[in-house]
Amino acid sequence: MPTCAEVLARSLHDLGVRTVFGLPGGENVRILDALREQGVEFVLVRNESSAAYAASARWTLTGELQACLTTLGPGITHAAAGVGHLWLDRAGVVVISACTAEASGPMHTHQVLDQEHLMAPMVKAHIKVEPDNIHAVRDVCSLATEGRPGPVYVQISNEVAGWPAAGGGTDPEPRPAKPEPDMDGVEKALALMARARRPVVVAGLGARDASLRISVQAVAGSLQAPIVATPKAKGIVPDSHPLAAGVIGLTRTDPVYEILEQADLVIAVGFDVVELVLPWEFDGALVWVAEWPNVDPPLPADVELTGNVAGHLGALAQAAESATGWIDTDFHAFRRDRTVPAPKAAAEGRVSPQAVMRSLRRYSDPDAIMTVDVGSHKIHFALDWPTHDVSGFLLSNGLSCMGFGLAGAIGAATLDPGRQVLCVIGDGGLSMCVGELGLLRELGVNVKVVVMQDEALDLIRVAQLRAGSPVQGTEYGVSVDHARLAAAFGITGRRVTGGPSPDQDGRPLSG
């Protein structure tokens, strides 16, 4: 009879999990053994939240279930930021942790927390494994990728992991079939589209599946409507596409807000308000198209087309007719210039984000994956980094966690070691995950890390300066030699002390 650990590992394998990122404890050893026996690779990270970030990157790139693992107590609490990222960035990941054995008794309090309630606000479902419920784990894990994706939480003690599973299990519950398109709703949407003069397609994180790209472009093409992407959907259309309008959701003054102000209809595809900095205040007609219901919070939609996004978009594209409003008002006047901005002047020995971006884009592979960490550079890159593919840009946006960039790059690189991955991270973000440089060296993957060293929490410092407040609590007192830091991990490092001037057109950075 299989043990509970073996049933858990087999369930993950059957659901497509092939790699688990984590930092285990003595309470996880049976789980590690079971994963190995199932042929599931375990990747040892240096920080528990990094395990969640790496798994999230693989989810974003594949749309397939992923998993991460921690020990109990300090392990699962260290992972909390990562789990929060999984929740607000809508990632289908199974979070596994150890827990205290029941046999320890009520007087045992060492490392004991109410882990279930700690995780409950950030997961779609949770289960504490016992021999009599172990066969339900597969159905719980499946929930992570259904409807609006999100993490699920599985906790299991090392004691229970070694016990035989009760019963032989039953066949997994059949997953819900994809519904047929709601043709009544489609007709109502088409009626709104026929009256619209300036429609806009807003593509969110639920539209980033590569298979939906053609469908989104088909609807926009039929309407001749600009396509606005949220940061998580950046690349849903190539920046060279004539209807690509830019990215929204980074600041309160994103240029493409001007397009929404001119619009009289929004077709929101896979959109989630968690992706925006500003509250959603569009007061025109709204057609909602997503795999999940319009809830939490609901948008004031005139038509809601839930489930079977590809089917609904196909029906809309087939019958939609071209609007004339953008032609009348010269849509190109509202489009952003989707080339990388010319480098701005920087202080002596400094390099501007635009200079870094310009050089990286020119000399990187066209299909390179860019991961950006949180900081002022995130805004520049999310708005202006030329992206040719929906799988080419990764960031933490819903929760916006510093430290995501490096772990996300590592997770992405494990999928295809031959594909180039670029990571842009601030010195503050790197300080939160510097240990992962050891994992980067250990794996030997094709990742290039660019550290933006401004020796401060720059976004907050800028806010202080703009408010006329003194700069305090936002600048570091020590300057780190990141080239030597990289060398300590066996990684080649180079310090860049100057960038291209505007007339150099993006030559490689020097120094």
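Quick caveat, the model's predicted, so the values are computed rather than measured. (Residues numbered from 1 in each chain as written. Predicted model: local features only at pLDDT ≥ 70, side-chain atom pairs only at ≥ 80, totals over all residues. Heavy atoms only, no water.)

Q: It is not clear to me how the pattern of salt bridges should be interpreted in this structure. Could you clarify?
A: Side chains that differ in sign of charge can pair as their charged atoms come close. If you walk through the whole model with that rule in mind, you get 8 salt bridges. In this structure, Asp14 engages Arg138 in a salt bridge whose closest nitrogen and oxygen atoms are separated by 3.4 Å. Placement of the pair is Asp14 in helix α1 (residues 4-14) and Arg138 in helix α7 (residues 137-142), with a sequence separation of 124 residues. Here Arg138 falls in the partly exposed class, since its relative accessible area comes to 23%. The salt bridge partner of Arg148 is Asp272, with a shortest N-O separation of 3.6 Å. Highlighted residues: Arg148 in the loop between α7 and β6 (152-155) and Asp272 in the loop between β10 (265-269) and β11 (285-290), separated in sequence by 124 residues. (Salt bridge = Lys/Arg side-chain N within 4 Å of Asp/Glu carboxyl O. Helix = DSSP H or I, 4+ residues; strand = E, 2+ residues; numbered from the N terminus. Buried < 20%, exposed > 50% of the residue type's maximum accessible area, 1.4 Å probe, protein only.)

Q: How should the sheet that holds β10 be read in this particular structure?
A: Where strands meet in a sheet, backbone hydrogen bonds hold them as pairs that are either parallel or antiparallel. The sheet built from 6 strands is open, its strands ordered β9-β8-β7-β10-β11-β12 with parallel pairing. Sheet topology places β9 (244-247) and β12 (303-306) at the edges, where each strand pairs with a single neighbour. When the angles between neighbouring strand axes are averaged without regard to direction, this sheet yields 20°. The pairing of β11 with β12 spans 4 bridges and is parallel. (Pairing = 2+ DSSP bridges. Axes fitted to C-alpha atoms, helices over the stretch in contact; angles between N-to-C directions.)

Q: Where do I start with helix α15 (residues 376-384) in this structure?
A: In an α-helix there are 3.6 residues to a turn, and that puts residues three or four apart on one side. When you tally the buried positions in α15, you get 7 out of 9 residues, the bulk of the element. Restricting attention to buried positions, one finds in α15 the residues Ser376, His377, Lys378, Phe381, Ala382, Leu383 and Asp384.

Q: Can you help me understand the pairing of strand β2 (residues 41-44) in this one?
A: Each regular strand shows side chains that alternate between the opposite faces of the sheet. In terms of strand pairing, strand β1 (residues 19-23) meets β2 through 4 bridges, oriented parallel. Residue pairing in the sheet places Thr19 in a bridge with Glu41 of β2. In this view, the connection linking β1 to its parallel neighbour β2 by way of helix α2 (residues 29-37) has right-handed handedness. (Right-handed = clockwise from strand over helix to strand, strands pointing away.)

Q: Explain the sheet that holds strand β13 (residues 369-372) here, please?
A: Overall, parallel pairing links the 4 strands, which are arranged β14-β13-β15-β16 in an open sheet. Every other strand in the sheet has two partners, leaving β14 (393-395) and β16 (447-452) as the edge strands with one partner each. The sheet shows a mean angle of 15° between the axes of neighbouring strands, taken without regard to direction. Two elements, β13 and strand β15 (residues 421-426), share 4 bridges in a ladder whose sense is parallel. Paired with Ile369 across the strands is Val421, a residue of β15.

Q: Would you mind showing me how to read the packing of aromatic side chains here?
A: Note on aromatic pairs: each is described by the distance of the centres and the angle between the planes. Taken as a whole, this structure holds 4 aromatic pairs when the rule is applied. Seen in terms of ring centroids, Tyr53 and Phe404 are 5.9 Å apart; in terms of plane orientation they differ by 75°. Their pairing is edge-to-face. Separated by 351 residues along the polypeptide, Tyr53 in helix α3 (residues 48-62) and Phe404 in helix α16 (residues 404-413) bring together distant segments of the chain. The class of Tyr53 is buried, set by a relative accessible area of 4%. Classification of Phe404 as buried rests on a relative accessible area of 2%. Following the ring pairs from residue to residue traces out a cluster consisting of Phe271, Trp280 and Phe282. A cation over a ring is seen here: Arg90 above Trp87, with NZ or CZ 5.7 Å from the ring centre. A cation over a ring is seen here: Arg148 above Trp87, with NZ or CZ 5.9 Å from the ring centre. (Phe/Tyr/Trp six-rings, centres within 6.5 Å; stacked < 30°, edge-to-face > 60°. Lys NZ or Arg CZ within 6 Å of the ring centre and 35° of its normal.)

Q: What exactly am I supposed to notice about unusual backbone geometry here?
A: Leave glycine aside and you will find that most residues have negative phi; peptide bonds, for their part, are mostly trans. Cis geometry marks the peptide bond from Asp296 to Pro297, where omega comes out at -15°. Look at Gln224: it is not a glycine, yet its phi comes out positive at around 55°. Relative to the helices and strands, Gln224 is located in the loop between α10 (213-223) and β8 (227-229). What makes Gln224 partly exposed here is its relative accessible area of 37%. The phi dihedral of Asn308 falls on the positive side, at around 50°, and the residue is not glycine. Note that Asn308 resides in the loop between β12 and α12 (309-319).

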